[in-house]
Amino acid sequence: MAQNLINALSLGSLYALIALGIALLFSIMGLINFAHGELITIGGYTLLAFHGLPLAVAVALTVAVVVAAALTMERLAFRPARGASGETLLMTSFALSLLVQGGVLLKEGADPQSVNVLGSLGASVDVGGMTIGKLDVAIIGVTGVLLIGLAWFLRATPLGVQMRAAAEDFTMARALGVRADRVVATAFGVSGAFAAVAAVFLVARTGTLTPSMGLTPVLLGFVAIVLGGLGRLWAAAIGAYVLALLSVMLQAYLPTGLAAYRDALVYLGIIVILLFRPHGIAGRPQGVRV
Amino acid sequence: MTLLEIADLHISYGPVDAVRGVTLDVEKGGVVAIVGPNGAGKTSILSAVQGLVRTRSGTIRLRGAEITDWSPERRARAGIAFVPESRGIFGSLSIAENLSLAACALAEKATAAAQIERSLELFPVLADRLNQRASVLSGGERQQLAIGRALVSSPDLLVLDEPSLGLAPVILDGLFASLAALRDEGRTILVVEQNVSRAVRLADHVYSLRGGLLERLENPQDLVGDPAFRAKHLGME
Ligand SMILES: Nc1ncnc2c1ncn2[C@@H]1O[C@H](COP(=O)(O)OP(=O)(O)OP(=O)(O)O)[C@@H](O)[C@H]1O
Ligand SMILES: [Mg+2]
């Protein structure tokens, strides 16, 4: 049981990083960023490229590259479309996603590549009879630090307060002097950093890379956001952990004969939750708030 | 010196011509009020001054510099502060955070704390509730926060859209006393106001806007005393 909880927390952390990265951009500029998955892909292949360097260095370089990629996306693709309708932004992100995927495919080929970034993190420790993977502990701990860091940034810094204001009413925030470019670029930067860390965790868990590796995590990120509720940023994280819990518990306790239906049952569970809470677990009916 | 110059301003929303060639100067230290019936285009003009609507033609100048194509944030940093009809309060932020937000338009960031202090002196209700969410404030308190916040940026030009809207008479007295105090301090104010008797008392110049066309009123007191004049310019009674 406790082992399953650790597993759910670890998986939930991965989902939470992805869901928050998407929700942050949505809350500020109404952008549903499909290309978020490609940030994860870029992160994965960057990690592969820096394989052999000390893990901390490789991770730092991966974060730097993905943040740069996110800022480039903002500058080249989304800034010219700023103020356009949600549909236009969505289409832009779709096009961008396909473009990056195509680029990775050309450069790296379609075959899955494997990489072991774990090193000593692959080991597990014994805690009171339970075997806990060091990787899970690392994922949970690092995500915890990142979430607390984001919360602190949004509460305690002037730029963070400006971002929360922009999420509530972008136009009014600008009328008060909040620089739109700076707020949006910061949101993309944070989103990119979270995607990079998520990519490291994902690759560490699975050990494989493909040009479309970002797709499933991003879809799960969207599911987490809807499940948590569109009204609030932190609801996305709550949705992520609940989604992971559902998935891990069904995996653990489903009779073997029904195991093939696990994903279907996860979505059934989500539908049931949304029937009772149509705005999500922690969502609010009105506008989006950070 | 002329602080704000609006010249031959046109604003359209699709087929609707909301503002049809408005020219208006606001002197530094002056108070200009615009009155007019619903849908006359008052909010459109003020929004154009802050850069929140696209203008079809015409120019807007601040201290002689053309700002027609400037972003809203650049105008805020250049000294324009706008209090919209809806007040623009951020309900998910605390009252202190709402106030501090306007400090990003300050040239001298170091003066932010002193600016906030001044606004709190002007509107003491806010001082006791700094850490509460702004969403809990009443309509009158929101208006005080909106004006107090606008003042934090120490604006050269304060633009107010219907400050009296939805306020009880007692609160109105306090609000207009504050505005008069700001005027006497030498602040420049451009205000749209339906409460004509108060607008006339506050302003140096009163303009009437009807169907997107602006007209300077030589004897604005008639708005208060003369029912026919009042009906003509405000479209009521
Ligand atoms: N965003 C918009 N899209 C379409 N039409 C608009 C828009 N904003 C204003 N209008 C129209 O432009 C005209 C002027 O509107 P505006 O809000 O400037 O009037 P107003 O004088 O402020 O009115 P009120 O006294 O009701 O506040 C109205 O006919 C209105 O319907
Ligand atoms: Mg109006």
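Because the structure is a prediction, the values reported are computed rather than measured.

Draft legend 1. Expanded view of the site of ligand 1. Residues and elements named next belong to chain B. Taken together, 13 residues surround ligand 1, and among them Asn38, Gly39, Lys42, Thr43 and Ser44 come closest. Between asparagine 38 and ligand 1, the recorded distance is 2.9 Å, taken from a side-chain N or O atom to an oxygen atom. At 2.8 Å, a backbone N or O of glycine 39 approaches an oxygen atom of ligand 1. Looking at which element gives the most residues to the shell around ligand 1, the answer is helix α1 (residues 42–50), with three residues. Its residues placed into classes, the shell around ligand 1 shows four nonpolar, six polar and three charged.

Draft legend 2. Just the interface of chain A and chain B, in detail. In this complex, chain A contributes 20 residues to the contact, which on the side of chain B involves 22 residues. Measuring nitrogen to oxygen at the nearest pair gives 2.9 Å for the salt bridge that ties glutamate 97 of chain B to arginine 164 of chain A. Listing elements by their share of the side of chain A that touches chain B, those giving two or more residues are α6 (158–168) and α7 (170–175) of chain A. A class-by-class count of the residues in the side of chain A that touches chain B yields eight nonpolar, three polar and nine charged.

Draft legend 3. Highlighting helix α4 (residues 86–108) of chain A. Residues and elements named next belong to chain A. Here α4 spans 32 Å end to end across 23 residues, near enough to the 33 Å set by a 1.5 Å rise per residue. Among all positions in α4, only Leu89, Ser93, Leu96, Ser97, Val100 and Val104 are buried. Buried positions along α4 lie against α1 (2–29), α2 (36–49) and α3 (55–78). Glycine 109 lies just past α4 and shows a positive phi near 80°.

Draft legend 4. Examining the domain arrangement of chain B more closely. Residue and element names in this part refer to chain B. What the domain assignment lists for chain B is domain 1 (1–79 + 157–163 + 186–236) and domain 2 (85–154). Taken over C-alpha atoms, the centre of domain 1 sits 25 Å from the centre of domain 2. Contacts between the two partners involve nine residues from domain 1, matched on the other side by eleven residues from domain 2. Of the roughly 850 Å² buried where domain 1 meets domain 2, counting both sides, 47% is carbon and sulfur surface. The largest per-residue losses of area from domain 1 upon contact with domain 2 belong to Arg77, Leu158 and Arg187, which jointly make up 52% of the total buried on that side.

Draft legend 5. Up close: the sheet that holds strand β3 (residues 31–35) of chain B. All names here are of chain B. The strand order across the open sheet formed by six strands is β6-β7-β8-β3-β9-β10, and the pairing between neighbours is mixed. Edge positions in the sheet fall to β6 (80–83) and β10 (213–217), since each has one partner strand and no second. Going from strand to strand, the sheet's axes swing by 20° on average, the running direction of each strand aside. The pairing of β3 with strand β9 (residues 205–210) spans four bridges and is classified as parallel. Following the sheet pairing, alanine 33 is matched in β9 by valine 206.

Draft legend 6. Structural context of the coordination of the magnesium ion (ligand 2). Taken together, Thr43 of chain B (OG1) and Glu85 of chain B (OE) make up the protein donors of the magnesium ion (ligand 2), found 1.9 to 2.7 Å from the metal. In this pair, threonine 43 of chain B sits in helix α1 while glutamate 85 of chain B sits in the loop between β6 and α3 (95–101), placing the two residues 42 residues apart along the sequence.

Draft legend 7. Spatial organisation of helix α9 (residues 215–228) of chain A. Residue and element names in this part refer to chain A. Taking 1.5 Å per residue, 14 residues should reach 20 Å; α9 reaches 20 Å between its end C-alpha atoms and fits that length. Among the 14 residues of α9, ten are classified as buried, and the element is accordingly described as predominantly covered. Those residues of α9 lying buried are Pro217, Val218, Leu220, Gly221, Phe222, Val223, Ala224, Ile225, Leu227 and Gly228. Packed against the buried residues of α9 are α1, α2, α8 (180–206), α10 (233–253) and α11 (262–276).

Scoring rules and cut-offs
- Residues numbered from 1 in each chain as written.
- Chains lettered and ligands numbered in written order.
- Predicted model: local features only at pLDDT ≥ 70, side-chain atom pairs only at ≥ 80, totals over all residues.
- Heavy atoms only, no water.
- Near = heavy atom within 4 Å.
- Polar contact = N/O pair within 3.5 Å; in protein donor to acceptor, adjacent residues only side chain to side chain.
- Helix = DSSP H or I, 4+ residues; strand = E, 2+ residues; numbered from the N terminus.
- Nonpolar A, V, L, I, M, F, W, Y, C, P; charged D, E, K, R; others polar.
- Contact = heavy atoms within 4.5 Å.
- Salt bridge = Lys/Arg side-chain N within 4 Å of Asp/Glu carboxyl O.
- Expected span 1.5 Å × (residues − 1).
- Buried < 20%, exposed > 50% of the residue type's maximum accessible area, 1.4 Å probe, protein only.
- Domains from an automatic or database assignment.
- Buried area = accessible area lost by both parts, 1.4 Å probe.
- Pairing = 2+ DSSP bridges.
- Axes fitted to C-alpha atoms, helices over the stretch in contact; angles between N-to-C directions.
- Donors = N, O, S within 2.8 Å, 3.2 Å for Na, K, Ca; no water.

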